[in-house]
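Summary of the model geometry
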Amino acid sequence: MSDAALEVRDLVKRYPKRKVNAVDGLSFQVRTGEVFGLLGPNGAGKSTTVGILTTRVRATSGEVRLAGVDVLRNPVAARSLLAVVPQSSTLDRSLTPRQNLTFHAAYHGVGRAERRARAVDLLDQFGLTERADDKVAWYSGGMAQRLMIARALIHEPKVLFLDEPATGLDPQSKLFVWERIRELRARDVTIVLTTHDMSEAAALCDRVGIVDHGRLLALDTPTALTRELTGGSTLELAVIPAAGAIAPTAESLLEVLLKIEGVSSGSRIDAGPGGDPDGLRLRLHLSSEPPELIGSVVTAMADRAAVVTDVRVAQGSLGDVFIELTGRDLR
Ligand SMILES: Nc1ncnc2c1ncn2[C@@H]1O[C@H](COP(=O)(O)OP(=O)(O)OP(=O)(O)O)[C@@H](O)[C@H]1O
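Residues numbered from 1 in each chain as written. Predicted model: local features only at pLDDT ≥ 70, side-chain atom pairs only at ≥ 80, totals over all residues. Heavy atoms only, no water.

1. Overview of the overall build of the protein
In terms of regular secondary structure, the protein is built from 11 helices and 14 strands. Over its C-alpha atoms, taken along the principal directions, the protein stretches across nearly 85 × 50 × 35 Å. Here the protein, with 331 residues, has 48% of them falling under the buried criterion. At a minimum sequence separation of 6, the contacts of the protein that also span at least 24 residues come to 68%. For the protein, the computed accessible surface area is about 16500 Å², with 50% contributed by carbon and sulfur atoms. For the protein, the distance from the average position of its 40 positive side-chain charges to the average position of its 41 negative side-chain charges is 11 Å. (Helix = DSSP H or I, 4+ residues; strand = E, 2+ residues; numbered from the N terminus. Buried < 20%, exposed > 50% of the residue type's maximum accessible area, 1.4 Å probe, protein only. Contact = heavy atoms within 4.5 Å. Areas by Shrake-Rupley, 256 points an atom, 1.4 Å probe, with all protein chains shown as cover. Lys, Arg positive; Asp, Glu negative; His and termini not counted. Charge placed at Lys NZ, Arg CZ, Asp CG, Glu CD.)

Set out below in structure tokens:
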């Protein structure tokens, strides 16, 4: 079969007494070592999907294979290959961080010497060694989240499910968690994360699946989704036309600019407060990458006796893609 760590085929979930499916025929694959993001507005079906993939929710129909194991038919074997980090803490507050790790390892049948060694290693990786024997109750939100991820890794799962991994964390803890996620990917741990945070999805995910009403609306890399669905980048120019009888107009400048390959459309925009009264502002929509075009744009303007005084590149965001597809903001 393929090198997929996770294969989901025609997955359906209908909760009892509900008129519509919470998950309505989802199919996707996640490659080994990939960071895959599931995005969707509230009620889209993300938690139900992850619940099924992690054996917590029973599917109505469909097929799920995780590291080759049939999750719906063989949940016990699947549980030894996966780990889940939920959004709220499930740490045992009466134990130390080290004990949280070793108890969890014991639950998964890891031998005594091995679990101690793994705990030492993970505490170190997650920057928790100094506070390893404190009480968990004394931990900050960021430390608790790091410990949750460390604990999830103690039985060396093949696929790690993270629910909103950095929500509510301070910027420093967020970056720390993101770094660890990238390291896991480098070690071929497959990661499936659900998030409401578009910058998180764009920063971390190799591919993103956008879900609504239990269906997959789009699946691609964040860059490809952004390029296809928001029309790519725009370039905003501030231009000062030379004074005099032959001063170029916005229309004549746009005519020249639209002849440049990679410029798909353009318009004059309001100079805004503080704009140069003699200047013009032009917005160009691009089908090529901005760095390749800036030189041609500036030269074309100079040829028409107009000086470019400012260039700004703006990118469509994954948030724009999301609104475009679902008609809704994330929260
Ligand atoms: N236990 C349940 N019983 C009945 N309906 C449920 C149950 N759990 C979820 N649902 C319904 O299934 C649909 C999908 O919910 P789900 O929690 O999977 O969405 P979600 O994308 O995870 O949303 P959120 O971002 O709010 O967590 C919703 O309409 C929800 O009301």
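2. What to know about the packing of aromatic side chains
Two measures describe an aromatic ring pair: the distance that separates the ring centres and the angle between the ring planes. Evaluation of the coordinates by the stated rule reveals one aromatic pair. Consider the rings of Phe 28 and Phe 36, whose centres lie 5.1 Å apart with planes at 10 degrees: the pair is stacked. Across this residue pair, the class does not change: Phe 28 and Phe 36 are buried. Over the ring of Phe 176 we find Arg 146; its NZ or CZ atom is 4.4 Å from the centre of that ring. Above the ring of Phe 176, the side-chain terminus of Arg 180 is found at 4.3 Å from the ring centroid. (Phe/Tyr/Trp six-rings, centres within 6.5 Å; stacked < 30°, edge-to-face > 60°. Lys NZ or Arg CZ within 6 Å of the ring centre and 35° of its normal.)

3. Overview of a nonpolar patch on the surface
On the surface, a cluster of nonpolar side chains totalling about 190 Å² of accessible area is made up of Val 298, Val 311 and Val 313. Locating Val 298 in the fold gives a position in helix H10 (residues 290–303). For Val 298, a relative accessible area of 34% translates into the label partly exposed. (Patch = residues over 30% accessible without salt bridge, like charges linked within 9 Å, V, L, I, M, F, W, Y side chains within 5 Å. Salt bridge = Lys/Arg side-chain N within 4 Å of Asp/Glu carboxyl O.)

4. Digging into the nonpolar core
Counting residues in each nonpolar core, the largest one holds 47 residues, and the members touching the most others are Leu 160 and Ile 191. The biggest single contributor to this core is helix H5 (residues 141–152), with seven residues. Once you skip the residues sitting within four places of it in the chain, Ile 191 turns out to touch Glu 34, Val 35, Phe 36, Leu 160, Leu 162, Ile 181, Leu 184 and Arg 185. Within the second largest apolar cluster, 27 residues are counted, among which are Leu 6, Leu 11, Leu 82 and Val 159. (Core = buried A, V, L, I, M, F, W, Y, C linked by side-chain atoms within 4.5 Å.)

5. Remarks on the site of the ligand
Around the ligand lies a shell formed by Tyr 15, Arg 18, Ala 22, Pro 41, Asn 42, Gly 43, Ala 44, Gly 45, Lys 46, Ser 47, Thr 48 and His 196. Within the side chain of Arg 18, one N or O atom sits 3.4 Å away from a nitrogen atom of the ligand. In the model, an oxygen atom of the ligand is placed 3.0 Å from a nitrogen or oxygen of the Ala 44 main chain. Burial of the ligand by the surrounding chains reaches 61%, relative to a free accessible area of 630 Å². (Near = heavy atom within 4 Å. Polar contact = N/O pair within 3.5 Å; in protein donor to acceptor, adjacent residues only side chain to side chain.)

6. Observations regarding H5
Along its 12 residues, H5 runs 17 Å from first to last C-alpha, staying within 8% of the 16 Å computed at 1.5 Å per residue. Of all 12 residues making up H5, 11 are buried, and the element is well covered by its neighbours. By the burial criterion, the buried members of H5 are Gly 142, Met 143, Ala 144, Gln 145, Arg 146, Leu 147, Met 148, Ile 149, Ala 150, Arg 151 and Ala 152. Of the surrounding elements, those touching the buried residues of H5 are strand E6 (82–85), helix H3 (97–107), helix H4 (112–125), strand E7 (159–163) and helix H6 (171–186). (Expected span 1.5 Å × (residues − 1).)

7. Quick look at the confidence of the model for the protein
Per-residue confidence for the protein gives a mean pLDDT of 89, with 95% of residues at or over 70. Across the predicted assembly, pTM comes out at 0.78 and ipTM at 0.97. (pLDDT = per-residue confidence, 0-100.)

8. Describing the pairing of strand E1 (residues 4–13)
On any regular strand, side chains alternate: one points to one face of the sheet, the next to the other face. Among the 10 residues of E1, eight are classified as buried, and the element is accordingly described as predominantly covered. Relative to strand E2 (residues 23–31), E1 runs antiparallel, the two being bridged by seven bridges. Among the inter-strand pairings, Lys 13 is bridged to a residue of E2, identified as Val 23. Across five bridges, E1 lies against strand E4 (residues 61–66) in antiparallel orientation. (Pairing = 2+ DSSP bridges.)

9. A word on the pattern of salt bridges
For the coordinates displayed, the defined rule picks out 18 salt bridges. The residue Asp 24 makes a salt bridge to Arg 215 at a minimum N-O spacing of 2.6 Å. Placement of Asp 24 in strand E2 and of Arg 215 in strand E10 (residues 215–220) is noted, with a sequence separation of 191 residues between them. As a salt-bridge pair, Arg 182 and Glu 179 come within 2.9 Å of each other at their nearest N and O atoms. Taken together, the residues Arg 182 and Glu 179, both in helix H6 and three residues apart, mark about one turn of the helix.

10. Description of helix H9 (residues 250–257)
Taken residue by residue, H9 has Ala 250, Leu 253, Leu 254, Val 256 and Leu 257 as its buried positions. The buried residues of H9 occupy an angular sector of 160 degrees when the element is viewed end-on, so they sit on one face. Within H9, the exposed residues directed more than 90 degrees away from the buried face are Glu 251 and Glu 255. Looking at the buried side of H9, the elements it contacts are strand E11 (233–241), strand E12 (263–269), strand E13 (280–286), H10 and strand E14 (306–315). (Arc of directions from axis to C-beta.)

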